[in-house]
Amino acid sequence: MIMAYNIDHTKESKIKISRKYEKTTFGIILILVITLSLLNLSINFKPVKGYQGSITIEADGSINPKDAPIETSDKVTYKLTDHIFTDSFAINILRSNIILDGSGFTIKGSGNYSGILVNGKNVLIKNINIRGFFTGITARGDNCIIIKNRIEENNGHGIEVKDSSNCIITENILVGNKEFGIYALSVSSITIFKNNIENSNTGINLRSCSNSMIINNNLISNPYHGILIDGLSKNITVSHNEIKGILTGLAGGSSAITIIQASNITIKYNVVKESYFGIFFFITSYNTASGNDVKNTRHGVYLRKSSDISINYNLIQNNNNGIYLIQSTNNTINNNIIRQNEDGIRVQNSSHNIIYNNNFINNNRQVTDDSKNLPNISPSINNWDNGYPTGGNYWSNYSGKDE
């Protein structure tokens, strides 16, 4: 009995010692964790140091000034080696046929100038964080490629391309640029694809451009326009983009895709939602909207003073007005699914349009003519049947015989 008691007592003592040791060890670890956390915070909150001033890559390949944080071994590939802070431009590229690799560094301005000026041809810019200028990148040379940069909070544009051709803008993140995320003026053959653009007044603007493509971009909460094509632009394809705007009860709400005085514009396979206007044609002719998913807008597809527009194979649902024509003639609307809208198609002073082979499904009002409520407006006279064997439209609220 005594031995059993001594054994139990010894075990209890060891347990007590072990628990005391565990508490001491835990306390030491806790102190170390807190100390390391404080050290980490102090490291994170240290001001970022970098180069102060502007840099030029000269036409002969030299770097001016010589102590600038850019290195090259072949005058073809140039790499940043530090952050750059400036009250003027950060980098001016006069040389052609080069690659500028930002290596993840940041260039920051004071609200004016362009962060990077591209005046050479065949210039590729990648992996740079650009913020706080008027324009992040301004490119005026042919065959420029702008890829995998983060460009944000500039007072004007994220990327601006002017008077050039054959440019590619891809896989960039553009956030909070106050005017345009991407702005192209008088550019032939520009390709804009796989960019994320948020919170600019307009996501993408092509003005007086031709033979270009806007593909697979994600545009969110750009309050004026997601994509704007104007200035007599022509031969532009807008496809496979996802555009979510800002839906308000006011006429000043956003437009996902806007075409103004441009021709031969093809808008296809886009997802458009939560904008005041989904697809907006204004004073324009000879354009196509096909295969788009347009939903939760004030006006799904909106034509004003426009003609010779083809609207076909779209899914137009859950909008106030599915399709709205104002002073628009000679347009073709066919093979669309128009469902669960307040008004499936609404017309005002819009005659000589042909509307056939559409499915009108469970709209509150399948078709509305504003002349019924506005006495100064004449009724619109349109053709709702394309003749045998093509036929007319399907109406979910019609239970009569199909003739």
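Residues numbered from 1 in each chain as written. Predicted model: local features only at pLDDT ≥ 70, side-chain atom pairs only at ≥ 80, totals over all residues. Heavy atoms only, no water.

A. The pattern of salt bridges, seen in detail. One pass over the full model with this rule turns up 12 salt bridges. Glu-153 serves as the salt-bridge partner of Arg-131, at 2.7 Å between the closest nitrogen and oxygen. Separated by 22 residues along the polypeptide, Arg-131 in strand 12 (residues 129–131) and Glu-153 in the loop between strand 15 (150–152) and strand 16 (157–170) bring together distant segments of the chain. Owing to a relative accessible area of 28%, Arg-131 belongs among the partly exposed residues under this scheme. A relative accessible area of 45% places Glu-153 in the partly exposed class. The partner of Glu-160 in a salt bridge is Lys-162, and the shortest N-O contact between them spans 3.9 Å. Judged by relative accessible area, Glu-160 falls into the buried class, the value being 8%. Residue class for Lys-162 comes out partly exposed when judged on its relative accessible area of 22%. In this structure, a network of salt bridges that share partners links the residues Arg-131, Arg-150, Glu-152 and Glu-153. (Salt bridge = Lys/Arg side-chain N within 4 Å of Asp/Glu carboxyl O. Helix = DSSP H or I, 4+ residues; strand = E, 2+ residues; numbered from the N terminus. Buried < 20%, exposed > 50% of the residue type's maximum accessible area, 1.4 Å probe, protein only.)

B. Structural view of the packing of aromatic side chains. Considering all chains together, one arrives at 10 aromatic pairs under this definition. Members of the aromatic cluster, joined through ring pairs, are Tyr-276, Phe-277, Phe-280, Phe-282, Tyr-302 and Tyr-324. (Phe/Tyr/Trp six-rings, centres within 6.5 Å; stacked < 30°, edge-to-face > 60°.)

C. Structural view of the pairing of strand 16. Burial analysis of strand 16 places 10 of its 14 residues in the buried class, the great majority of the element. As paired elements, strand 13 (residues 135–139) and strand 16 share four bridges and run parallel to each other. Paired with Ile-137 across the strands is Ile-159, a residue of strand 16. (Pairing = 2+ DSSP bridges.)

D. View of the environment of Asn-122. Along the chain, Asn-122 falls in the loop between strand 10 (114–118) and strand 11 (123–126). For the pair formed by Asn-122 and Ile-98, sequence separation is 24 residues and the distance between their alpha carbons is 6.7 Å. Those residues within four positions of Asn-122 in sequence are excluded, and the remaining contacts are Asn-97, Ile-98, Asp-142 and Asn-143. Polar side-chain contacts of Asn-122 include one of 2.8 Å to the side chain of Asn-97. (Contact = heavy atoms within 4.5 Å. Polar contact = N/O pair within 3.5 Å; in protein donor to acceptor, adjacent residues only side chain to side chain.)

E. Spatial organisation of the confidence of the model for the protein. Considering every residue of the protein, the mean pLDDT works out to 89; 86% of them sit at 70 or more. Scored below 50 in pLDDT, residues 28–36 makes zero contacts in the model with residues more than four places away or belonging to other chains. Scored below 50 in pLDDT, residues 41–47 makes zero contacts in the model with residues more than four places away or belonging to other chains. (pLDDT = per-residue confidence, 0-100.)

F. Quick peek at the nonpolar core. Ile-91, Ile-93, Ile-116, Leu-206 and Ile-229 are the most contacted members of the largest nonpolar core, which totals 72 residues. For this core, the element with the highest residue contribution is strand 18 (residues 180–193), accounting for five residues. Those residues in contact with Leu-206, other than ones at most four positions away along the chain, are Ala-184, Ile-190, Ile-192, Ser-212, Ile-214, Leu-228, Ile-229, Asp-230, Ser-233 and Ile-236. Ranked by size, the runner-up nonpolar core spans six residues in total, among them Tyr-276, Phe-277, Phe-280 and Ile-326. (Core = buried A, V, L, I, M, F, W, Y, C linked by side-chain atoms within 4.5 Å.)

G. Looking closely at unusual backbone geometry. Across the junction of Asn-64 and Pro-65, the peptide omega takes the value 0°, indicating a cis bond. Note on placement: Pro-65 falls in the loop between strand 3 (63–64) and strand 4 (70–71). Looking along the chain, the bond that leaves Tyr-388 and enters Pro-389 is cis, with omega of 5°. Along the chain, Pro-389 turns up in the loop between strand 41 (365–369) and strand 42 (394–395). You will see that Gln-340, though not glycine, has its phi angle at about 55°, which is positive. Here Gln-340 lies in the loop between strand 37 (337–339) and strand 38 (343–348).

H. Spatial organisation of the pairing of strand 26 (residues 255–260). Across the six residues of strand 26, five count as buried, placing the element largely inside the fold. As paired strands, strand 23 (residues 225–230) and strand 26 are joined by four bridges and run parallel to one another. Counted as the bridge partner of Ile-227 is Ile-257 from strand 26. Relative to strand 29 (residues 277–282), strand 26 runs parallel, the two sharing five bridges. Directly across from Ile-259, in strand 29, lies its bridge partner Phe-281.

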